[in-house]
Amino acid sequence: DTAVSQTPKYLVTQMGNDKSIKCEQNLGHDTMYWYKQDSKKFLKIMFSYNNKELIINETVPNRFSPKSPDKAHLNLHINSLELGDSAVYFCASSQGTGGNSPLHFGNGTRLTVT
Amino acid sequence: DAKTTQPPSMDCAEGRAANLPCNHSTISGNEYVYWYRQIHSQGPQYIIHGLKNNETNEMASLIITEDRKSSTLILPHATLRDTAVYYCIVRAAGGSGNTGKLIFGQGTTLQVKP
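Residues numbered from 1 in each chain as written. Chains lettered and ligands numbered in written order. Predicted model: local features only at pLDDT ≥ 70, side-chain atom pairs only at ≥ 80, totals over all residues. Heavy atoms only, no water.

A. Molecular detail of the interface of chain B and chain A. Counting residues at the interface gives 24 residues for chain B and 23 residues for chain A. Across the interface of chain B and chain A, roughly 1800 Å² is buried in total on both sides, 50% from carbon and sulfur atoms. In this structure, the connection of chain B to chain A is made through one salt bridge. Here chain B is connected to chain A by ten residue pairs in polar contact (both at pLDDT 80 or more). At the level of elements, strand 3 (32-38), strand 4 (45-50) and strand 8 (84-91) of chain B are the ones that each hand at least two residues to the side of chain B that touches chain A. Tallying contributions element by element places strand 3 of chain B first for the side of chain B that touches chain A, with four residues. (Contact = heavy atoms within 4.5 Å. Buried area = accessible area lost by both parts, 1.4 Å probe. Salt bridge = Lys/Arg side-chain N within 4 Å of Asp/Glu carboxyl O. Polar contact = N/O pair within 3.5 Å; in protein donor to acceptor, adjacent residues only side chain to side chain. Helix = DSSP H or I, 4+ residues; strand = E, 2+ residues; numbered from the N terminus.)

Have a look at this one:
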């Protein structure tokens, strides 16, 4: 069983479209994250939810809207896609936000905007 | 969050121990040292973490100096599959308004050679 699963694995779309990426974790964790890895391979945190409440929002454009329907799911909706949104998006989860709780990552969604 | 410094790249012979250094001279007393790796654009994989004491698990050992200003990740018998980017991260304890973010740097690219 995959602990943190993301769908789709690949997403190719045109500029201006709206798309969603889904994430589910079966680890029983209460905290979930979205990270973005750009073409330079730099991993940057975007959002974090703890018990369905937003706790981290790293000045991401408001075209990006995360939604957490329950503790096991964190989806990412992106409006009006731009070329610069092309990247690999990783979902992660942890139990709490404490420093002693490792994050577990999914295998990513590769988004290509043309 | 304290910053870490890692060499950009290292080589290791297959079957030998890989010792990856990390400097974190500004680490605070409640910050953990984490190690992750990323194999060819897969999701970051948790390896090990520690606060003050040395730690060992089935993947690796983590040696933290007594002053906590540096650490070394040891892969005891490197294999070709250990070729990856290794990230050393200092993570706040979380709680009391601290989100315990995991902030990735550039990491060390470890190349294991036959």
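B. A look at the state of the cysteines. Under the definition given, this model contains two disulfides over all chains. Note on cysteine connectivity: C23(A) is disulfide-linked to C91(A), with sulfurs 1.9 Å apart. With the S-S bond torsion at -80°, the cross-link from C23(A) to C91(A) turns out left-handed. Within this pair, whereas C23(A) is found in strand 3 (residues 19-25), its partner C91(A) is found in strand 9 (residues 87-94), the two being separated by 68 residues in sequence. On the accessibility criterion, C23(A) (1% relative accessible area) is buried. No disulfide involves C12(B); its sulfur sits 18 Å from the nearest other cysteine sulfur, which is in C22(B). (Disulfide = S-S within 2.5 Å. Buried < 20%, exposed > 50% of the residue type's maximum accessible area, 1.4 Å probe, protein only.)

C. The nonpolar core, seen in detail. W35(B), L73(B), Y86(B) and L110(B) are the most contacted members of the largest nonpolar core, which has 21 residues in total. Only strand 2 (18-23), strand 3, strand 4, strand 6 (61-64), strand 7 (70-75), strand 8 and strand 9 (108-113) of chain B provide two or more residues apiece to this core. It is strand 8 of chain B that contributes the most residues to this core, four residues altogether. Core analysis: the second largest hydrophobic core is formed by 20 residues, C23(A), M32(A), F64(A) and Y89(A) among them. (Core = buried A, V, L, I, M, F, W, Y, C linked by side-chain atoms within 4.5 Å.)

D. Summary view of unusual backbone geometry. All names here are of chain A. Across the junction of T7 and P8, the peptide omega takes the value -5°, indicating a cis bond. Positionally, P8 belongs in the loop between strand 1 (4-7) and strand 2 (10-13). Of note, K41 is a non-glycine position whose phi angle comes to about 70°, a positive value. For K41, the location among the structural elements is in the loop between strand 4 (31-37) and strand 5 (43-50).

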